[in-house]
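Letter by letter, the chains look like this.
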Amino acid sequence: MDSSYLAQPPPGMGKTRRLASTVQWLLSAALLLYPMNEVNGQKKGTPRDLKCMTSNLQVWDCSWKAPATGQGMSYEVCIDRRSHSCYKSERTSIKIQSLSPGDHEMTIRPLRGSSNSTSKFILSERNVSLIPFTPEISNLSADFATSTLHIQWNDRGSAFLYQAEVIWEIKVLRKESMEVVKLTTYNSSLSGKDVDHHWGWTSDMPLECAVHYVAIRCFIDDPRFSGRKAWSDWSRLKSVSWSPDSPNKVFPQDKVVLVGTDITFCCVTQVKILTAQIGQTSYPLIPLDGRNVAIKIHSISASANSGTNVVFSTYDNIFGTVIFAGYPPDSPQDLLCETYDLKEIICTWSPGRPTALVGPRSTTYTLFESFSGRHVRVKRGDVSSNESYQLFFQMLPNQETYNFTLNAHNPLGRSESAVLVNVTEKVHPHTPASVKVKDINSTAVLLSWHLPGNFAKIKLICQTEIKHNSEQELRNLTVKGVENSNYLMIVNKLNPYTAYTLRVRCSAQTFWKWSAWSSEKRHVTIEAVPSKGPDTWREWSSDGKKIIVYWKPLSVSDANGAILAYDVSYSSEEETRTLPEIPPPQHRAEIWPSHKDCVIDVAARNSAGSSPPSRIAGMQIPNDDLKIEQTVGGGNGILLTWNHDPNMTCDYVVKWCNSTRPEPCLMDWRKVPSNSTETVIRSDQFRPGVRYNFFLYGCKSQGYQLLRSIVGYIEELAPNVAPNFTVEDTSADSILVRWEDIPVEELRGFLKGYLFYFEKGERDTSKMRGLEPGRSDVKIKNITDVSQKTLRIADLQGKTSYHLVLRAYTGGGMGPEKSMFVVTKENSVGLIIAILIPVAVAVIVGVVTSILCYRKREWIKETFYPDIPNPENCKALQFQKSACEGSSALKTLEMNPCTPNTVEVLEAGPTVPKTEDTELASPVAERPESGPGDGDADKQVPVSYCPPLVEEAGPAGQVVYMDVQSGYQPQARPDGGQDGGQDGGPARCTGYKPQLQLPGSRGGAGGYRPQADAGTWTPLAPLAPLAPLSPDSSSDVGSFGSPCSVDSRQFLIPPRNEESPKWSGGGWSFSNFFQNKPND
């Protein structure tokens, strides 16, 4: 069995059935294997793995596995619930009749061996596999001309007692490599009898190209069987092949195929093929068995008339064939059989799509008449492509009904069409000939023509077409048919002196088709007297002395001939006068009547006589209540209405003219019956956007009276130009604009108003683009009073550029715009106010600030400019007498930052200075001592420092402290030693010592003396940079600059000698502005 195909589900079954079958088989296998594994797992060497199958649903073939125990082993198989329940088998398989539905216990016991080798199995139909018999192909044949394989096999249906569905799977293999080229299914039913089945397959490759093999297998789909269903084994392969001794080497030979077909050509030869091509196109070679090769063409296109060549080339030879690609014939379309003369039937049709096949492969048409059994044949190739397809069939005597069938056939297929014809109802006469026309009078003519054919058995309907200008009229005439005769028809009710074109056609009374129209015959009827007088109107001249008479030319239908002249006369109670005849084309005359109530007559004359005269009254009745009205037409005319007036006895006349023409103007007029109350005025001369004047006159017995004067447009348009406007006056906050009227011819509609736009903007920078509505920066004024010609724009800003735009609009739309830029005048009052307001605000702010500063002056002074204490009154450097006596805890005086001061020596005297002890009071020193560092002798306690006050016996000197900087310098003793402790040890007094009077100073001057050696000083000007330390200085720390107090690096009091630079004392700072005087 072919395992690769055994596992496949049958292609004809649905997914649900396959899934149910698989699940059912798995469950049955589980039920079967479970008891076997359970028993065999306890006892080895017993029968196991029971499997059962059936091929016809009647007999089950069960087999099992058993250990090798030597030859002669037999088994006893017993099945419960059966009359003959036990069987003996000398093999490990047994065939039993199919069991009834349900579970059955099967016991298999070896007849030799212990009784413990017995195995028990649960068996039911669910555990049985349905595997049909292997089918067999009874016949395999090949039709090489059509590349078709025909297969025949028998289904062995007699082995089944009841009907079942069978799915046959057929596979076709090609070449010695067994390449599968077709795998398909074929469905049938088992009927309880052996039935032969046939299946055919057309190969895409000619059968001559390679050997072909066929095999089949089957699948029985019986819904009553609950077991597992499987495919049968494949049948034995059968093959067909081509004899290599054939003289033809390329296949297929001269084949006709359908356009769009995929076709394969092959060359069967023992030599090597190098190239292959179809027409001018080369194709790749496909290797086959041996040296055979093939080429594949996809969707072949239609061939030329002579076909397409297929060529295979070797080193020294070529092999080839011809392919013809075309189409099968369409069913003959529009098959029509009719007769022209009741002598011969003509059948015509359209062949439909061209077949692209000619010559012996072209389409053959055969017309067959079933009642008579006669037929007519024609080949399509025998008919020119420019001619229609038709066949002629001679009518048979005394036969009116014919049944025609038209067959079309070519190598790719056939088609047909049929039609049933009663020829007396399908008469299509020939075209009438020899048409003639003869006058009877001015309104009638005699028409004659000739019609070939034998119509003696039927009646004819002949139709005459009468055309005059764009008018057309058809008249029908029924006549008795005759054989090859002329026919006559009287055409009356014509107009005199009118050109007509006549032609005729005929058909049978049982209408099928008209014949073609005969050639046209043009004829002019003779003249007659004009039927009415000309349409007449009159106009008085502006001076009221002359009447101008107008009349319209008569239409051709009213003139009844060529008008030779017009006769005009006018009469009053006293006399009648006639003007000389007026030849056409003049249609006006001037008369000077002596009375205004004259009557005017106008008549037209041709060769047949004069028309009745047209009469019109010359008197004009005045109307004092006349008002000018306005109206707009509906696009194609002007509707005028009026109230019925019984005094109007003759008619109404509507006159109109272009309003731009001078008076009296006349473009046209129309007369309306006296019983009418409205009319629509239409004229080809009307143009949209042109103003017309309409005048409605009413006719009374004594003359015409003007009833209405109307100004109107057939259609309003937008103005053609913008109104011309100027600026007459400008001020700081307004602009006065004046504009002019638009001429009537440019207005093109009734003026509805003006739109005035304005906005701020310079020239070439204005943003008024498109005049969009809804913009807040553009102001719009709609002026609906059309009589208004000025506009003042108020509430503007002074000295500002404005963009002004003016547009007019009518009922037809908005006209173009005209714009200008205007700058308003400067506003002097505003400028003054603009200057005064900031000044007033500044004054008010100054006054308020001054008042606040005056009231808060003490606070301002204390906050921003506090008083600087007078150094003469400073008592900060006062110490206790025992401040430096043996106190090791006393810290060296450390300067805290003080307000910078400037020292200026104003006056000094040679008196002996007097030194006062001052107590140094420091806010820091007064704080209670706390913290872990209180006992640390190495840390200094910062105290505030104020320069000492030196008093001298002589005239008091005034000093100003300047720029005292922080920093401590050790104070030298007068004897040049350092302060020390009482015991001369390392402990020394770190407190401040007052500056004592130093003896023997230069110049004998008293006063302040430095606390260090004066020899180390480097005199510098106040505020000068620090001088470098002298290397010869004997002091511990060199002094910087001039003599300093403590750590000061700036001058306090310069030495009293002439070599020292003198301080001018000109220093000043902003703090001096609020500083008290020293004497205060």
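Attention here is on the structure that accompanies the text. (Residues numbered from 1 in each chain as written. Predicted model: local features only at pLDDT ≥ 70, side-chain atom pairs only at ≥ 80, totals over all residues. Heavy atoms only, no water.)

Looking only at helices and strands, one finds 6 helices and 66 strands in the chain. Across the 1080 residues that make up the chain, the buried fraction comes to 41%. Long-range pairs, those at least 24 residues apart, make up 66% of the contacts in the chain with a sequence separation of at least 6. When the accessible surface of the chain is summed, it comes to about 59000 Å², and 51% of that surface belongs to carbon and sulfur atoms. (Helix = DSSP H or I, 4+ residues; strand = E, 2+ residues; numbered from the N terminus. Buried < 20%, exposed > 50% of the residue type's maximum accessible area, 1.4 Å probe, protein only. Contact = heavy atoms within 4.5 Å. Areas by Shrake-Rupley, 256 points an atom, 1.4 Å probe, with all protein chains shown as cover.)

Turning our attention to the sheet that holds strand E21 (residues 281-282). Strands sit in the order E18-E25-E24-E20-E21 across an open sheet of 5 strands; the sheet is mixed. Strands with a single pairing partner mark the edges of an open sheet, and in this sheet they are strand E18 (255-258) and E21. Here strand E20 (residues 275-278) pairs with strand E24 (residues 308-313) via 4 bridges, running antiparallel. Directly across from Gln277, in E24, lies its bridge partner Val311. (Pairing = 2+ DSSP bridges.)

Here we come to the state of the cysteines. All told, the structure shown has 6 disulfides when counted by the stated rule. Cys78 shares a disulfide with Cys86; S-S distance 2.2 Å. When the S-S torsion is 110 degrees, as for the bridge of Cys78 with Cys86, the disulfide is right-handed. A relative accessible area of 31% means that Cys86 is categorised as partly exposed. The partner cysteine of Cys209 in its disulfide is Cys266, sulfur to sulfur 1.6 Å. Taking the torsion about the S-S bond as the criterion, the Cys209 to Cys266 disulfide, at about -85 degrees, is left-handed. One end of the pair, Cys209, is in the loop between strand E13 (196-202) and strand E14 (212-221); the other, Cys266, is in strand E19 (residues 263-267), with 57 residues separating them in the sequence. Cys266 carries the same exposure label as Cys209, and that label is buried. (Disulfide = S-S within 2.5 Å.)

This paragraph deals with the nonpolar core. Within the largest apolar cluster, 47 residues are counted, with the highest numbers of intra-cluster contacts made by Trp537, Trp551, Ile600, Leu640, Ile681 and Phe694. Top element by residues in this core is strand E54 (residues 691-699). It accounts for 6 residues. If sequence neighbours within four positions are ignored, Leu640 has contacts with Val654, Thr677, Glu678, Thr679, Ile681, Phe694 and Ile710. In terms of nonpolar packing, the next biggest core, distinct from the first, is built from 40 residues, Leu50, Ile79, Ile108 and Phe121 among them. (Core = buried A, V, L, I, M, F, W, Y, C linked by side-chain atoms within 4.5 Å.)

Another point: the packing of aromatic side chains. Within this structure, the stated rule accounts for 27 aromatic pairs. Centre to centre, the rings of Trp449 and Tyr487 are 6.3 Å apart; their planes meet at 20 degrees, and the pair counts as stacked. With Trp449 in strand E34 (residues 444-454) and Tyr487 in strand E37 (residues 483-491), this pair connects stretches of sequence that are 38 residues apart. Aromatic pair Trp642 and Tyr652: ring centres 5.1 Å apart, planes at 45 degrees, arrangement tilted. Residue Trp642 is found in the loop between strand E50 (638-641) and strand E51 (651-658), and its partner Tyr652 is found in strand E51; the two are separated by 10 residues along the sequence. As far as burial versus exposure is concerned, Trp642 and Tyr652 are alike and both buried. Following the ring pairs from residue to residue traces out a cluster consisting of Trp656, Phe686, Tyr692 and Phe694. Between the NZ or CZ atom of Arg538 and the centre of the ring of Trp537, over which it lies, the distance is 4.9 Å. For Lys552, the ring lying beneath its charged end belongs to Trp669, and the centroid distance is 4.9 Å. (Phe/Tyr/Trp six-rings, centres within 6.5 Å; stacked < 30°, edge-to-face > 60°. Lys NZ or Arg CZ within 6 Å of the ring centre and 35° of its normal.)

Our next topic: the sheet that holds strand E22 (residues 286-287). Strand pairing within a sheet occurs via backbone hydrogen bonds; the two strands may be parallel or antiparallel. Read across the sheet, 4 strands follow the order E17-E19-E23-E22 without closing on themselves; strand pairing throughout is antiparallel. For this open sheet the edge positions go to strand E17 (250-251) and E22, each flanked by a neighbour on one side alone. In terms of strand pairing, E17 meets E19 through 2 bridges, oriented antiparallel. Note on E19: the bridge partner recorded for Val250 is Cys267.

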